[in-house]
Amino acid sequence: MSIVSDLFFILNGITATISISFLSFGIGFLLGILLAFIRLYAPKPAALLGDAYVKLFLGVPVLVFMLLFHFGFGQFIPLFKSAYFSSVFALGLRSGAYQSQIFKAAINSIPRDQLLAARALGLTDSQILRHVVLPQAFIVALPGLGSEIALLIKDSAYAFILGVLDITKYADILRAAYREFVTPYVLAAMLYIVLTFPIANYLDKLGSRLKKKYAL
Amino acid sequence: MSSETILEGQDIWKIYGSLEVLRGVNISIRRGQTKVIIGPSGSGKSTLLRILGLLEPPTRGRVVFKGRDVYSEGLDLAKIRSKIGFVFQQPSLFRHLTALENIKLGPKLVLGMSEKEAERRAREMLKLVHLEEFADYYPAQLSGGQQQRVAIARALAMNPDILLLDEPTANLDIELTWEVIEVMEELARKGITMLVVTHEIPFAREVADEICFISDGVIQECNEPEEMIRNPQTPRARIFLKRLLGEV
């Protein structure tokens, strides 16, 4: 097979790679904001539970959770019989832990005097969060979120172990079928770079530009 | 003078652990009055202002707004805060919003004004602080003095009954300080009720109805500006004013 036909074959896995990455990012995004608020503002027992969640997901390799969800929970929960959804949820829950760290730091970076000023104007807590804290926290979080998307795109490759037909899996099929040991993996590596670099770079630059504009 | 008392602190105590920051402070501000508080660092000035601005509760004592005890009557704090304008030492502008948007936010969200009404109000306030041409500037594009004037405009846009200013010129150089002082003097002449923590004695002399000296968490004395500056009654006030006026 030629390099071009190898590339087109491996590209069959791009939908799975991208959809797993972005779905898990979406889960992680919602969970991350929720966890950040719990860890910052909830009563102590809830905040401690939030901290424990983050420690658990940051301390255990995500592949272990993927295997546990698919082969373990998959026996009782129909959704996890799917290798695809097991991967999405394991990566999403881990991403929630990472993103809560990103959002927690971003929220903490908003100067306290702005919060006091908002309170002095008579804004309620939810108005302060919505109109003062979150818009600025998102800007501060942008570079971190870019890195997180890149991490998810790379870690989505673990899904191939469960049998998901992603970029890595298609590269591995070429290796097995044609005994090509270098080209398929190099092509896969290049595809991952093409996917991760622009988005991480764009969000990093956008974040830096906005931070500079608003002096955040 | 028999005008209405807008804001009153009665026997205000603030204690952090074993530290007594305020020890039974009594203070009241009548409508149209400009009252200035002076005192050394750590004397409790800012804490007193934050308590009167309902930004933190006193450990003991009462904060009375227009005749109603705010805490014991369980009044809606956010609603009353919107009637007490507060300007901090740092301008504290929302950095992702332009000057105009900073000023519009309160009238829209708290007073329920329409976008158009809020914008008209915000532009009026910018005019009042002589910054109408800076409406679309972000805080990062404004000088410290301009930011502080926007902060004053933002507080005034809520049409407050009283404006509390906590050393609004403390972090500004001399030129920028005067920009802010001029605006404050104009407000005083317009009859806006103000309680100002400041060490700008010329400002106090010009517009204050009364200067109070606070030290060690206690208001040691209050007097008319000239009397306070020329003839302070307590030894601490005498030493403090001498240092402040550069006579030592």
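Residues numbered from 1 in each chain as written. Chains lettered and ligands numbered in written order. Predicted model: local features only at pLDDT ≥ 70, side-chain atom pairs only at ≥ 80, totals over all residues.

**Concerning the overall build of chain B**
Quick reminder of the rule: Secondary structure counts use DSSP, requiring at least four H or I residues in a row for a helix and at least two E residues in a row for a strand, with both numbered from the N terminus. Only C-alpha atoms enter the radius of gyration; for comparison, a globular chain is expected to reach 2.2 Å times N to the power 0.38, where N is the number of residues. Residues are called buried when their C-beta atom has 20 or more other C-beta atoms within 10 Å, exposed when it has 12 or fewer, and partly exposed otherwise; all C-beta atoms are positioned from the backbone. It is the C-beta atoms, placed from the backbone, that decide contacts: two residues are in contact if theirs lie within 7 Å.
In terms of regular secondary structure, chain B is built from 9 helices and 10 strands. For chain B, the C-alpha radius of gyration of 18 Å lies close to 18 Å, the compact-globule estimate for 248 residues. Summarising its shape, the C-alpha atoms of chain B cover approximately 55 × 45 × 40 Å along the three principal directions. Looking at chain B residue by residue over its 248 residues, the buried ones come to 48%. In chain B, 66% of the contacts between residues at least 6 apart in sequence involve partners at least 24 apart.

**Digging into the packing of helix H2 (residues 14–41) of chain A against helix H5 (residues 83–108) of chain A**
Residue and element names in this part refer to chain A. As a reminder, the rule being used: Convention adopted: a line fitted to C-alpha atoms gives each axis, helices being fitted over their contacting stretch, and angles between N-to-C directions are expressed from 0 to 180 degrees. Here the word oblique covers every angle except those under 35 degrees (roughly parallel), over 145 (roughly antiparallel) and from 65 to 115 (roughly perpendicular). By the definition used in this description, the sense in which the near helix is turned from the far one sets the handedness, with an anticlockwise turn below a right angle giving left-handed and a clockwise turn giving right-handed. Ten residue types, Ala, Val, Leu, Ile, Met, Phe, Trp, Tyr, Cys and Pro, are classed as nonpolar, four, Asp, Glu, Lys and Arg, as charged, and the remainder, Gly among them, as polar.
At a minimum axis distance of 5 Å, the contact between H2 and H5 shows a crossing angle of 40 degrees. One finds that H2 runs oblique with respect to H5. Note on packing geometry: the crossing formed by H2 with H5 is right-handed. Residues belonging to the contact of H2 with H5 are distributed by class as follows: 18 nonpolar, 9 polar and 2 charged.

**A few points about the sheet that holds strand E7 (residues 162–166) of chain B**
Residues and elements named next belong to chain B. Selection rule: Between any two strands, at least two bridges found by DSSP are needed for them to pair.
In space, the 6 strands of this open sheet follow the order E6-E7-E8-E3-E9-E10, with mixed pairing throughout. Strands with a single pairing partner mark the edges of an open sheet, and in this sheet they are strand E6 (84–87) and strand E10 (218–223). Ignoring which end each strand starts from, the neighbouring axes of this sheet average 20 degrees apart. Where helix H5 (residues 144–156) meets the sheet, it contacts E6 and E7, and its direction lies at approximately 170 degrees from that of E6.

**Topic: the sheet that holds strand E5 (residues 68–69) of chain B**
Residues and elements named next belong to chain B. Here 4 strands make up an open sheet; going across it, the order is E2-E1-E4-E5 and the pairing antiparallel. What marks the edges here is a single partner per strand, and that holds for strand E2 (19–30) and E5. Strand direction decides the pairing type here: strand E1 (residues 5–16) and E2, joined by 9 bridges, are antiparallel. Paired with Lys 14 across the strands is Leu 22, a residue of E2.

**A few points about the interface of chain A and chain B**
The interface is formed by 20 residues belonging to chain A together with 21 residues belonging to chain B. Where the side of chain A that touches chain B is concerned, the elements lending two or more residues are helix H6 (112–120), helix H7 (125–155) and helix H10 (183–214) of chain A. Grouping the constituent residues of the side of chain A that touches chain B by class yields 11 nonpolar, 6 polar and 3 charged.

**Quick word on helix H6 (residues 174–189) of chain B**
Residue and element names in this part refer to chain B. The condition that has to hold: Each helix should span, by expectation, one fewer than its residue count multiplied by 1.5 Å. For this quantity, the arc is that covered by the directions from the helix axis to the C-beta atoms.
Given a rise of 1.5 Å per residue, 16 residues ought to cover 22 Å, and the 22 Å separating the end C-alpha atoms of H6 matches this to within 8%. Every buried residue of H6 is accounted for by Thr 177, Val 180, Ile 181, Val 183, Met 184, Leu 187 and Ala 188. Projected down its long axis, H6 carries its buried residues within an arc of 160 degrees, all on one side. Across from the buried face of H6, at angles greater than 90 degrees, the exposed residues are Glu 175 and Arg 189.

**Things to note about unusual backbone geometry**
Residues and elements named next belong to chain B. Positive phi values are uncommon outside glycine, yet Leu 54 reaches one of about 60 degrees. Positionally, Leu 54 belongs in the loop between helix H1 (45–52) and strand E4 (60–65). The backbone phi angle of Glu 167 is positive, close to 40 degrees, even though this residue is not glycine.

**A few points about the packing of H5(B) against H6(B)**
All names here are of chain B. The interhelical angle for the contact between H5 and H6, taken along N-to-C directions, is 20 degrees, at an axis separation of 8 Å. On the basis of the axis angle, H5 is roughly parallel to H6. Note that H5 runs across H6; the crossing there is right-handed. Touching Gly 144, Gly 145, Gln 148, Arg 149 and Ile 152 of H5 are Leu 176, Glu 179, Val 180 and Val 183, all from H6. Grouping the amino acids of the contact of H5 with H6 by side-chain chemistry returns 4 nonpolar, 3 polar and 2 charged.

**A short note on the pairing of E4(B)**
Within a regular beta strand, the side chains point alternately toward one face of the sheet and then the other, so they alternate between its two faces. All names here are of chain B. Taken together, the 5 bridges between E1 and E4 define a ladder with antiparallel strand orientation. Residue Glu 8 lies in a different strand from E4, and its bridge partner there is Val 64. Bridge count between E4 and E5: 2 bridges; the pairing is antiparallel. The residue bridging Phe 65 from the neighbouring strand is Arg 68, located in E5. Hairpin connection, E4 to E5: the antiparallel pair is bridged by 2 residues, and Lys 66 has positive phi, about 45 degrees.

**Description of the environment of Met125(B)**
Residue and element names in this part refer to chain B. Relative to the assigned elements, Met 125 resides in helix H4 (residues 115–128). According to the C-beta neighbour criterion, Met 125 is buried, with 26 such atoms within 10 Å. In this view, Met 125 contacts Ile 103, Ala 153, Leu 156 and Ala 157; residues no more than four positions away in its chain are not counted.

**Topic: H10(A)**
All names here are of chain A. Taking 1.5 Å per residue as the helical rise, H10 with its 32 residues ought to reach 46 Å, and the 46 Å between its terminal C-alpha atoms agrees with that figure. If you check which residues of H10 are buried, you get Pro 184, Leu 187, Ala 188, Leu 191, Leu 195, Leu 203 and Gly 207. Against the buried residues of H10 lie helix H1 (3–11), H7 and helix H9 (167–178).

**Some words on the environment of Leu191(A)**
Residue and element names in this part refer to chain A. Checked against the element boundaries, Leu 191 lands in helix H10. The spacing of Leu 191 and Ile 167 is 24 residues in sequence and 8.1 Å in space, taken between C-alpha atoms. When sequence neighbours within four positions are dropped, the list of residues in contact with Leu 191 reads Ile 10 and Ile 167.

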